[in-house]
Amino acid sequence: MENGVVEKKIEGQEIRDMWCRRLFGMVGAWGLLVAVSALGMTVTNDVVSDQTWTLAGSPYNICRLNFTVASNATLTIEPGVRVQFGSRNGETWTSGTETLRGELLVQGRLIASGATFTSYAPLNDPQAGDWSRLLFDSGSVGRLTNCVVEYGGAGVVTYGQVHVKGTSDVRFDGCEFRRAANKGVHIHGDATGSVDVAGCVFSNLTMGVGTDRDSGIALRVEDSRFENLSSIGLFLLNAESEIRGCVFTNVAAEDVLLWDSNVNNWWCKDARVVSNRFVGGGKAAFPVAMYGGVNFEALGNETTGYTMTNDGVRVGGWVEKGRSARWGSNDMGYIVRDTVTVDGDAGSKGALTIADGSVVSMYPAMALRVWGDLTVEGTAGQGVVFTSASAAAPHGFGILFDQYRGNSELRGCRFQNMWRGVYMATIQTNAARVRLAGCVFSNLLQDAIQVQGAAGVDVLVVSNSLVTGCGQSMYVNNGGRIEVVGTDFVDSGPLYIRGDYRTTNTVAVFEDCNFRGLGTRVDTDHLMTNHTSLG
């Protein structure tokens, strides 16, 4: 060994022309005198000042844990260089329950173009998990261009063969991440860090890119391919993300998963999914799934090979108290596979807004459950549709305002082909309100609107709407004060208003409304006299 660099034969590796030359000389800009052979060199000392690894010295073999590029140093790796990490046949280190192998820890700057980071195993026998990872520590800078990273991920179960931490500033351009024991890239940063991925390929991994619960990272992924993955393409937790121009093929589970855990503020943030192509191949999973308080938008995407009930953005989870979320424009549609709850209590409320043009499809017995505030921004030109996820039979429980404390406004909604439309029960405060304007209720098996358990509360205003083809047009039982203005009930089921209006349990005020072709007579015993026509 001389100056921290030693020659080392790679056991079992076939070397062509291994005796063709032996060069001795100055290697790199840092001025070390090292021995170079066709076998390459094993580097032992950390990089503590600027260095360049050249093609002439390749391959560079790292057979230790935490081989470090120090915080004040830059390591530059030239095109064609192979960096080989200690393999399953070499030295290992135990950290807790994990067995770790070769690792490159970047605390300063790593600049690599056209390099390959791979296994130190024989060329004819590399395996996923031969080495551990490239680790970008907090405050580091990484620029990898047209590089290959393969056969890593040993013993790092929750991480990947590339691991980005803290306030790192890392960009991957035109790189290929493949054949690892787990993820291609794992991000464990914070809100001041950023990671960009452009023109990359993620293949033969468990997962392409994943973020940790406390990352808060800003992540942009564009023009990249995710293929042959055994679980998820992109798994984003507590990240602000844009996914643009990517292709997802042969991904076993969700292509993109935006996750919250409902504890410790582990939330996804803003997410934009633009001009991507999702190829399902008949799998049961969804192209995109999101849970909780996400501000989401999807534009210009293409999906093929998904069933009708899975061809869209799966939504579920909670919009927590004190948080707001927005379901923005979405050309794939929202699918309520698990009940979504907008939380609220006496101290604080969550808030959800649904943008004009959205389609919200519901699985059987699923509902959008609102305890806080809901705003639906439908217009006469587009509107927001609530419907069943399957065309086979109407199902889905629509919007459920129970344990309700909020102030909600629903404009331009169409409730169709479901079990029911809007259900209100057990109102918690006299300040709770729901306003429906310009809505259409059609082909609902049960009630278009049902209100009960709200005695003495001014809970519902319906204006300029239409109810038609429903099993029951309206059912109100001890429903507080209901005001219906300029609304038509046509060729639909009965309208029942029940409760002792003399003790203000139910007060129903109808103005400028029309009732025509209802299934049975209108129960008028408890209607006030403000209506204009009963037919």
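Residues numbered from 1 in each chain as written. Predicted model: local features only at pLDDT ≥ 70, side-chain atom pairs only at ≥ 80, totals over all residues. Heavy atoms only, no water.

(A) Structural view of the overall build of the protein. When you go through the protein residue by residue, the secondary structure sums to 0 helices and 58 strands. Sorting the 535 residues of the protein into buried and exposed places 54% on the buried side. When contacts within the protein are restricted to residue pairs at least 6 apart in sequence, long-range pairs at least 24 apart make up 67% of them. Taken as a whole, the protein presents about 20300 Å² of accessible surface, with 46% of it coming from carbon and sulfur. (Helix = DSSP H or I, 4+ residues; strand = E, 2+ residues; numbered from the N terminus. Buried < 20%, exposed > 50% of the residue type's maximum accessible area, 1.4 Å probe, protein only. Contact = heavy atoms within 4.5 Å. Areas by Shrake-Rupley, 256 points an atom, 1.4 Å probe, with all protein chains shown as cover.)

(B) Quick look at the packing of aromatic side chains. Using the criterion set out here, one finds 19 aromatic pairs in the structure. A centroid spacing of 5.0 Å and a plane angle of 25 degrees characterise the contact between Trp327 and Tyr334, whose relative ring orientation is stacked. Both rings, one in Phe401 and one in Tyr404, keep their centres 5.0 Å apart while their planes meet at 70 degrees; by these two values the pair is edge-to-face. Linked through ring pairs, Phe136, Phe172, Phe177, Phe202, Phe226, Phe248 and Phe278 together constitute an aromatic cluster. The ring centre of Phe397 lies 4.6 Å from the NZ or CZ of Arg420, which sits over that ring. Of note, Arg420 hangs over the ring of Tyr423, and the distance from its end group to the ring centre comes to 4.5 Å. (Phe/Tyr/Trp six-rings, centres within 6.5 Å; stacked < 30°, edge-to-face > 60°. Lys NZ or Arg CZ within 6 Å of the ring centre and 35° of its normal.)

(C) The arrangement of the nonpolar core in detail. Membership of the largest hydrophobic core comes to 126 residues, with the highest contact counts inside it found for Phe117, Leu144, Phe172, Phe296, Leu368, Phe386 and Phe441. For this core, the element with the most residues is strand β38 (residues 334-342), which contributes 5 residues. Residues in contact with Phe296, not counting those within four places in the same chain, are Leu258, Ala271, Val273, Val288, Met290, Val313, Arg326, Trp327, Gly328, Asn330 and Tyr334. Membership of the second largest hydrophobic core comes to 5 residues, among which are Met207, Leu257, Ala289 and Tyr291. (Core = buried A, V, L, I, M, F, W, Y, C linked by side-chain atoms within 4.5 Å.)

(D) Quick look at the confidence of the model for the protein. In this model, the protein carries a mean pLDDT of 82, and residues with pLDDT of at least 70 account for 80%. Across residues 524-535, confidence stays below pLDDT 50; counting only partners more than four residues off in sequence or on other chains, it has 29 contacts. (pLDDT = per-residue confidence, 0-100.)

(E) Region of interest: the pattern of salt bridges. Going through the model one piece at a time under the given rule, you end up with 22 salt bridges. Its salt-bridge partner being Arg314, residue Asp338 comes within 2.7 Å of it at the nearest N-O pair. On the criterion of sequence distance, the pair formed by Asp338 in strand β38 and Arg314 in strand β36 (residues 313-319) is long-range, its members being 24 residues apart. Among the charged side chains, a salt-bridge network with shared partners connects Arg220, Glu222, Glu242, Arg244, Arg272 and Glu297. (Salt bridge = Lys/Arg side-chain N within 4 Å of Asp/Glu carboxyl O.)

(F) Just the state of the cysteines, in detail. Here the structure, examined in full by the defined rule, presents 0 disulfides. Unpaired in terms of disulfides, Cys200 finds its nearest cysteine sulfur in Cys175, a separation of 4.7 Å. (Disulfide = S-S within 2.5 Å.)

(G) Layout of unusual backbone geometry. For the peptide bond that leads from Ser58 to Pro59, omega is 0 degrees, which places it in the cis range. Residue position: Pro59 is located in the loop between β5 (51-53) and β6 (60-62). Residue Asn417 is not a glycine yet carries a positive backbone phi of 55 degrees. Within the fold, Asn417 resides in strand β46 (residues 413-418). On the accessibility criterion, Asn417 (28% relative accessible area) is partly exposed.

(H) Main features of the environment of Ala365. Note that Ala365 resides in the loop between β40 (359-362) and β41 (368-370). Given a relative accessible area of 45%, Ala365 falls into the partly exposed group. In sequence terms Ala365 and Met418 are 53 residues apart; their C-alpha atoms lie 9.7 Å from each other. Apart from the residues lying within four places of it in its own chain, the contact partners of Ala365 are Thr339, Gly396 and Phe397.

(I) Structural detail: the pairing of strand β14 (residues 116-119). With 4 bridges joining them, strand β9 (residues 82-85) and β14 adopt parallel strand pairing. Bridge pairing in β14 links Gln84 to Thr118. Sheet analysis places β14 next to strand β17 (residues 148-150), joined by 2 bridges and oriented parallel. When the sheet's bridge partners are listed, Thr116 is paired in β17 with Val148. (Pairing = 2+ DSSP bridges.)

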